Amino acid sequence: MKSYTVQPATTLRGEISVPGDKSISHRSIMLGSIARGVTTVRGFLRGEDNISTLDAFRAMGVGVEDDGETLRIRGAGLHGLSEPADVLDCGNSGTSMRLITGLLAGQRFFSVLTGDQYLRKRPMGRVIEPLGRMGATIFGRSGGDKAPLAIVGRQLAGISHTSKVASAQVKSALMLAGLYANGVTTVTEPHLSRDHSERMFRYFGADVETAGTTVTVRGGRELTGRDIVVPGDISSAAFFIVAALIVPGAELLIRGVGVNPTRTGVIDILSAMGGSIELLDRREVSGEPVADLLVRASALKGVEIGGEVVPRAIDEFPVICVAAALAEGKTVLRDARELRVKETDRIAAMATNLRRAGVQVVEMDDGMEITGTEKLQGGMADSFGDHRIAMSMLIAGLAATDSVTVDDIACISTSFPTFVELLEKVSVR
């Protein structure tokens, strides 16, 4: 589907479940593949990004059975992966490329990673530089900063790394490399990024410790296969949370959403804006906190966003921008320079689309200032080939004066294949 047109909604009503968490799905494949024994995964997100990870490990000799509901991964053990016969294609998935690079750096074979036209533009140096200090040999375009990446696996040594940005991808790549390193690998962040890797490492039996924003991994310990239930992805739920907040009279119940504290920045921000979001039936599933979210239409107000909440909401900012566009007053986002190196420059992309919709936006190097309006204008929006930009602008269309057409929405299938179907299910016109 090249483009899609959404009509303004009278209201939203219903009860939905969103697909499994993308980050947890990636990690379940990676750790299950290098564990001893069988790992079962229910709720696995069958989006293109996660399938790229799954295909990569199949290409390295891991047996995976899929009956449509449950994956059964026959782990190869820490040192049981095989040299792939071909280039490993990560598609559009930065998580696949960065994390797998860390894991492959400690193998005793040669491998090459590539991706689509967007992924090949994304910077990889922030992972490759510390891996090089661990002893990894990695070659890439642009002086080693861009894919394709050629990796000559070798014995690694643990290091202590202080990251300039809070990045779960950098942290997780070094943690995976640390499983294969002699000694201890330590990663310290300026703020705590999502901690799915730390939780899952413990769940599989890795020797991992955390203290504040520092995580330490001791290499050499074998992992043991586990049963995993993947909770609903809060990044996917965020689109429907914002939809319910901005459409008059709306009320949505979103079942079984992961509410890991390192991921709930979007709830904290939208609640601070005046959003009505209730967390019901809190519980724990496979080491991750889960809840049902009840969201009601709310009068939003502008806020200032920055500091430690930013890494906890980094993937949700495109749709948070939509909420800000319909909030009273100004919303100022700072400390979010990371948004400029996602699937696209998300600061520039959202600024461009919101201006087309009649919103006053001022770009800054590390964020933006959005002055809210009572109603968005309809018209054309550009996805820029980025799934989160595409979905955010379709949500904006629900509260516009006229229809909104978003071009090139095929990218949505990378993370949320059922998005349009669910959007139509809950929209009342």
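Look up: the structure comes first, before these words.
Now for a description of the structure that goes with this document.

The rules we used
Residues numbered from 1 in each chain as written. Predicted model: local features only at pLDDT ≥ 70, side-chain atom pairs only at ≥ 80, totals over all residues. Heavy atoms only, no water. Helix = DSSP H or I, 4+ residues; strand = E, 2+ residues; numbered from the N terminus. Polar contact = N/O pair within 3.5 Å; in protein donor to acceptor, adjacent residues only side chain to side chain. Contact = heavy atoms within 4.5 Å. Patch = residues over 30% accessible without salt bridge, like charges linked within 9 Å, V, L, I, M, F, W, Y side chains within 5 Å. Areas by Shrake-Rupley, 256 points an atom, 1.4 Å probe, with all protein chains shown as cover. Salt bridge = Lys/Arg side-chain N within 4 Å of Asp/Glu carboxyl O. Buried < 20%, exposed > 50% of the residue type's maximum accessible area, 1.4 Å probe, protein only. Axes fitted to C-alpha atoms, helices over the stretch in contact; angles between N-to-C directions. Parallel < 35°, antiparallel > 145°, perpendicular 65-115°, else oblique. Nonpolar A, V, L, I, M, F, W, Y, C, P; charged D, E, K, R; others polar. Disulfide = S-S within 2.5 Å. Pairing = 2+ DSSP bridges. Phe/Tyr/Trp six-rings, centres within 6.5 Å; stacked < 30°, edge-to-face > 60°. Lys NZ or Arg CZ within 6 Å of the ring centre and 35° of its normal.

**As for the side chain of Ser23**
Tracing the sequence through the fold places Ser23 in helix α1 (residues 22-34). At 2.8 Å, the side chain of Ser23 forms a polar contact with the side chain of Arg194. Apart from residues no more than four positions distant in its own chain, Ser23 is found in contact with Arg194, His196 and Arg263.

**A short note on a nonpolar patch on the surface**
A cluster of nonpolar side chains, Phe110, Phe139 and Val152, forms an exposed patch at the surface whose accessible area comes to about 280 Å². You can see Val152 is positioned in strand β9 (residues 146-152). Overall, the relative accessible area of 37% leaves Val152 in the partly exposed class.

**Remarks on helix α3 (residues 94-104)**
In terms of burial, α3 is a largely internal element, eleven of the eleven residues being buried. Among the residues of α3, those classed as buried are Gly94, Thr95, Ser96, Met97, Arg98, Leu99, Ile100, Thr101, Gly102, Leu103 and Leu104.

**Concerning the environment of Leu354**
Relative to the helices and strands, Leu354 resides in helix α11 (residues 346-356). Given the relative accessible area of 0%, Leu354 is considered buried. In this structure the C-alpha to C-alpha distance between Leu354 and Arg312, which are 42 residues apart in sequence, comes to 23 Å. Excluding its chain neighbours within four sequence positions, the residues that come into contact with Leu354 are Cys321, Ala325, Val359, Val361 and Ile370.

**A short note on the packing of helix α8 (residues 234-246) against helix α10 (residues 317-325)**
Running from N to C, α8 and α10 cross one another at 5°; their axes reach a closest spacing of 9 Å. In terms of orientation, α8 lies roughly parallel with respect to α10. Residues Ala238, Phe239, Val242 and Ile246 of α8 form the contact with α10, whose own contacting residues are Val319, Val322 and Ala323. Grouping the amino acids of the contact of α8 with α10 by side-chain chemistry returns seven nonpolar, no polar and no charged.

**Here we look at the side chain of Ser163**
Assignment of secondary structure puts Ser163 in the loop between β11 (160-162) and α6 (168-179). Once residues lying within four places of it in the same chain are set aside, the contact partners of Ser163 are Val170, Thr188, Glu189 and Pro190.

**Re unusual backbone geometry**
With an omega of 5°, the peptide bond between Ala147 and Pro148 qualifies as cis. Note on placement: Pro148 falls in strand β9. For Asp281, which is not glycine, the phi dihedral falls at a positive 50°. Among the structural elements, Asp281 can be located in strand β19 (residues 276-285). Notably, Ser286 is not glycine yet its phi reads approximately 50°, a positive angle. In this fold, Ser286 is placed in the loop between β19 and β20 (288-296).

**Some thoughts on the state of the cysteines**
Applying the stated criterion across every chain yields a total of zero disulfides. Free cysteine: Cys321, not disulfide-bonded; nearest cysteine sulfur from Cys411 at 17 Å. Residue classification places Cys321 among the buried residues on the basis of a relative accessible area of 5%. Judged by its relative accessible area of 10%, Cys411 falls in the buried class.

**As for the pairing of strand β18 (residues 251-258)**
With six of eight residues buried, β18 lies mostly within the body of the structure. With five bridges connecting them, strand β2 (residues 11-17) and β18 associate as parallel partners. Counted as the bridge partner of Arg13 is Glu251 from β18. Where β18 lies against β20, six bridges are found, and the strand directions are antiparallel. When the sheet's bridge partners are listed, Glu251 is paired in β20 with Arg296.

**Considering the packing of aromatic side chains**
The relative placement of two aromatic rings is captured by the distance of their centres and the angle of their planes. Under the definition given, this model contains five aromatic pairs. On the numbers, 6.0 Å between centres and 75° between planes, the contact of Phe239 with Phe419 is edge-to-face. Residue Phe239 is found in helix α8, and its partner Phe419 is found in helix α13 (residues 419-426); the two are separated by 180 residues along the sequence. Centre to centre, the rings of Phe240 and Phe419 are 5.7 Å apart; their planes meet at 55°, and the pair counts as tilted. Here Phe419 lies in helix α13 and Phe240 lies in helix α8, a separation of 179 residues in the sequence. Of the two residues examined, Phe240 and Phe419, each falls in the buried class. By way of ring pairs, the aromatic residues Phe239, Phe240, Phe416 and Phe419 are connected into one cluster. Cation over ring: Arg226 sits above Tyr203, and NZ or CZ is 4.0 Å from the ring centre.

In short, the description is geometric, and any link to function would need to be established separately.
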